[in-house]
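Results of the structural survey
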Amino acid sequence: MAMLPLRRLLHLLVLLVHCGRPEVASSPTEEGALRGGHGEHGEPGHQEPHKDSYSTFASEFLESRYLPDDGYPFPTAPPVDPFARIKVSDCGVTKGCIRYGKPGCDADTCDYFLSYRRIGTDVEYEMSADTDGWVAVGFSSDKKMGGDDVMGCVHDDNGRVRIHHFYNVGQWAKEIKRNPARDEEGIFENNRVTCRFKRPLYVPREETLVDLHLSWYYLFAWGPAIQGSITRHDIDSPPVSDHMISIYKYEDIFMPSTAYQTFNSPLCLLLIVALTFYLLMGTP
């Protein structure tokens, strides 16, 4: 057997020594940390704890990136209002409104309030009345109650406000099972029933449903409810729009309630003029 050269034999011995010894490669960072662990005279120095866990990294990252300047966490989302308030500033601009009551009243102070606007192929209605029972709007062709399509919002004994569909048979409102309302919401607060709902603009023509793309006289009514069922309206002669309402024309209509209609009558105006003349003539 041929003998290996001496130089090659020494090289193999060196390789065998390295293979038998575990080789640990230290990074420059680790070497610096090891050197920093001792003082100038070989005394143990201060060494920061190694923070290499994911949770610690994540918390530090979030604190540095997602906390506001004041150091507090993100504010929690405000509580969701179950019913967004009716905006009267949009009346006559982006929606039509009818107000009945004291001059200058709004959706929270009028005896009765109604708004309407088109949203795609739907009409959105908002209603509010000073009552703890129900509020409704009827669509009529003759200003008279009878044979009318009616949408009503009823406050039940559980505190909920639900939207119902009625049909006037003479002076009596019959509830219809087929309810075209959707996206309904309502609230009873401060002795007021307030609601909002959508109804399709076009519907198959039936006796109890009208096409809202046509113009109609609007009947306004409200009153008490017993166990979620409507009873007779509060006033003997519920107000009616003086002209047909078109959902394509956004108007802001005010109708004075009975308490404010007295001064508008011709007889009352005549009496005021006569009294004023008498007082002026009687003054020396």
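Residues numbered from 1 in each chain as written. Predicted model: local features only at pLDDT ≥ 70, side-chain atom pairs only at ≥ 80, totals over all residues. Heavy atoms only, no water.

**Digging into the sheet that holds strand β1 (residues 96–101)**
For clarity, the cut-off: A pair of strands is labelled paired if DSSP reports no fewer than 2 bridges between them. In this description a helix means any DSSP run of H or I spanning at least four residues, a strand means any run of E spanning at least two, and both kinds are numbered starting from the N terminus. The axes used here are C-alpha line fits, helices contributing only the stretch in contact, and every angle between their N-to-C directions lies in the interval 0 to 180 degrees.
With respect to topology, 6 strands assemble into an open sheet ordered β8-β9-β3-β2-β1-β13, the strand pairing being mixed. Where the open sheet ends on each side, the last strands, each with one partner, are β8 (182–189) and β13 (252–256). For this sheet, the mean angle separating the axes of adjacent strands, direction not counted, is 10°. Pairing analysis gives 6 bridges linking β8 to strand β9 (residues 192–200), with the strands arranged antiparallel. Residue pairing across strands places F188 opposite V193, the latter belonging to β9.

**Looking at the packing of aromatic side chains**
Keep this limit in mind: The aromatic pairing rule takes the rings of Phe, Tyr and Trp, using the six-membered ring of Trp, and pairs them if the centres are within 6.5 Å, calling planes under 30 degrees apart stacked, those over 60 edge-to-face and the rest tilted. When accessible area is computed with a 1.4 Å probe and restricted to protein chains, residues below 20% of their type maximum are described as buried, those above 50% as exposed, and intermediate ones as partly exposed. Distance and angle both matter: a charge sits over a ring if NZ of Lys or CZ of Arg is within 6 Å of the ring centre and within 35 degrees of the ring normal.
One pass over the structure, following the stated rule, counts 8 aromatic pairs. Where Y116 meets Y218, the ring centres are 6.3 Å apart and the plane angle is 70°; that geometry is what we call edge-to-face. In this pair, Y116 sits in strand β2 (residues 112–119) while Y218 sits in strand β10 (residues 217–223), placing the two residues 102 residues apart along the sequence. A relative accessible area of 0% means that Y116 is categorised as buried. Through a chain of ring-to-ring contacts, three or more aromatic side chains come together here, namely Y116, Y125, F139, F197, Y218 and Y250. We note R196 situated over the ring of F83; from NZ or CZ to the ring centre the distance is 4.4 Å.

**Description of unusual backbone geometry**
Backbone geometry at K143 places phi at a positive 70°, although glycine is not the residue there. Mapped onto the fold, K143 is located in the loop between β4 (134–140) and β5 (149–155). Here N191, not a glycine, exhibits a phi torsion of approximately 60°, which is positive. The topology assignment puts N191 in the loop between β8 and β9. Taking relative accessible area as the criterion, N191 reaches 40% and is therefore assigned partly exposed.

**Some thoughts on the nonpolar core**
Defined as follows: Definition used in this section: a nonpolar core is a set of buried Ala, Val, Leu, Ile, Met, Phe, Trp, Tyr and Cys residues joined via side-chain atoms within 4.5 Å. Every residue pair with non-hydrogen atoms within 4.5 Å of one another is taken to be in contact.
Among the nonpolar cores identified, the biggest contains 31 residues, and Y112, Y125 and Y218 are the most heavily contacted of them. The biggest single contributor to this core is strand β3 (residues 122–129), with 4 residues. If we skip the residues at most four places from it in the chain, Y218 touches L114, Y125, V137, G138, F139, P239, V240, S241, I245 and I247. Among the nonpolar cores identified, the runner-up in size contains 9 residues, and F83, C91, C97 and C105 belong to it.

**Considerations on the state of the cysteines**
Counted only if it meets this: In what follows, a disulfide is any cysteine sulfur pair within 2.5 Å.
Within the structure shown, the criterion is met by 3 disulfides. At a sulfur-sulfur separation of 2.1 Å, the disulfide partner of C91 is C97. Linking C91 and C97, the disulfide has an S-S dihedral of approximately -80° and is accordingly described as left-handed. Between the sulfur of C153 and that of C195 lies a disulfide, 1.9 Å long from S to S. Residues C153 and C195 are joined by a disulfide whose S-S torsion is about 70°; by sign, that bridge is right-handed. Here C153, found in strand β5, pairs with C195, found in strand β9; they are 42 residues apart in sequence, far enough to count as distant. Exposure class is identical for C153 and C195. Each is buried.

**Examining the side chain of D148**
Formally: Polar contacts, as used here, are pairs of N or O atoms within 3.5 Å; protein pairs need one atom able to donate a hydrogen and one able to accept it. Residues neighboring in sequence count only if both atoms are side-chain atoms.
Relative to the helices and strands, D148 is located in the loop between β4 and β5. Polar side-chain contacts of D148 include one of 2.7 Å to the backbone nitrogen of G146. Not counting the four nearest positions on each side in its chain, D148 is found in contact with F139, S140, F166, Y167, N168 and L219.

**Observations regarding the environment of V203**
Tracing the sequence through the fold places V203 in the loop between β9 and β10. For V203, a relative accessible area of 12% translates into the label buried. Put simply, V203 and H213 are 10 residues apart on the chain and 9.7 Å apart in space, counted from C-alpha to C-alpha.

**Side note on the pairing of β13**
Residues of β13 alternate between two faces, with I253 and M255 buried on one and D252, F254 and P256 left unburied on the opposite face. Pairing of β1 with β13, which is carried by 5 bridges, proceeds in the parallel orientation. In the strand pairing of β13, G101 is matched with P256.

**With respect to the environment of A173**
Positionally, A173 belongs in strand β7 (residues 172–175). You can call A173 partly exposed: its relative accessible area is 22%. On a C-alpha basis, the gap between A173 and G147 in space is 9.5 Å, while along the polypeptide they are 26 residues apart. Beyond its immediate sequence surroundings of up to four residues, A173 is in contact with F166, Y167, N168 and I230.

The analysis is restricted to geometry; functional conclusions fall outside its scope.
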